[in-house]
Amino acid sequence: MDTLALILSIIGSLNWGLVGLFQFDLVAWLFGGTGALLARIVYTVIALAGAWCITSFFRRDFMQEAH
């Protein structure tokens, strides 16, 4: 689960980088616009993955794997 959440968080951060640098939202482009149901699902899944990654700072097993 940690790996999947990290991959989705990376995808989300790269998408935000594209928005910031080029005003291009890859998720919206792929899934039919920012208001499209599928795009909103992708945004939500990526947000949940980011929230899951926050929990890794408080889990002992994750911190031990990092070292």
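Residues numbered from 1 in each chain as written. Predicted model: local features only at pLDDT ≥ 70, side-chain atom pairs only at ≥ 80, totals over all residues. Heavy atoms only, no water.

### Quick word on helix α1 (residues 2-22)
Quick reminder of the rule: We count a stretch as a helix when DSSP gives it H or I for four or more residues in a row; a strand needs E for two or more, and each element gets its number in order from the N terminus. The span one expects for a helix is its residue count, reduced by one, times 1.5 Å. Burial classification: accessible surface area is computed with a 1.4 Å probe over protein chains only, and a residue below 20% of its type maximum counts as buried, one above 50% as exposed, and the rest as partly exposed. Arc definition: directions from the helix axis to the C-beta atoms. Should any heavy atoms of two residues lie within 4.5 Å, those residues are considered in contact.
Taking 1.5 Å as the rise per residue, α1 with 21 residues should run 30 Å; its terminal C-alpha atoms sit 30 Å apart, in good agreement. Among the residues of α1, Ala-5, Gly-12 and Asn-15 are the ones counted as buried. Projected onto a plane normal to the axis of α1, the buried residues spread over an arc of 90° and lie on a single side. Exposed and oriented more than 90 degrees from the buried face of α1 are Thr-3, Leu-14, Leu-21 and Phe-22. Looking at the packing, one finds that the buried side of α1 touches α2 (26-31) and α3 (37-55). Two residues or fewer past α1, Gln-23 is found with a positive phi of approximately 55°.

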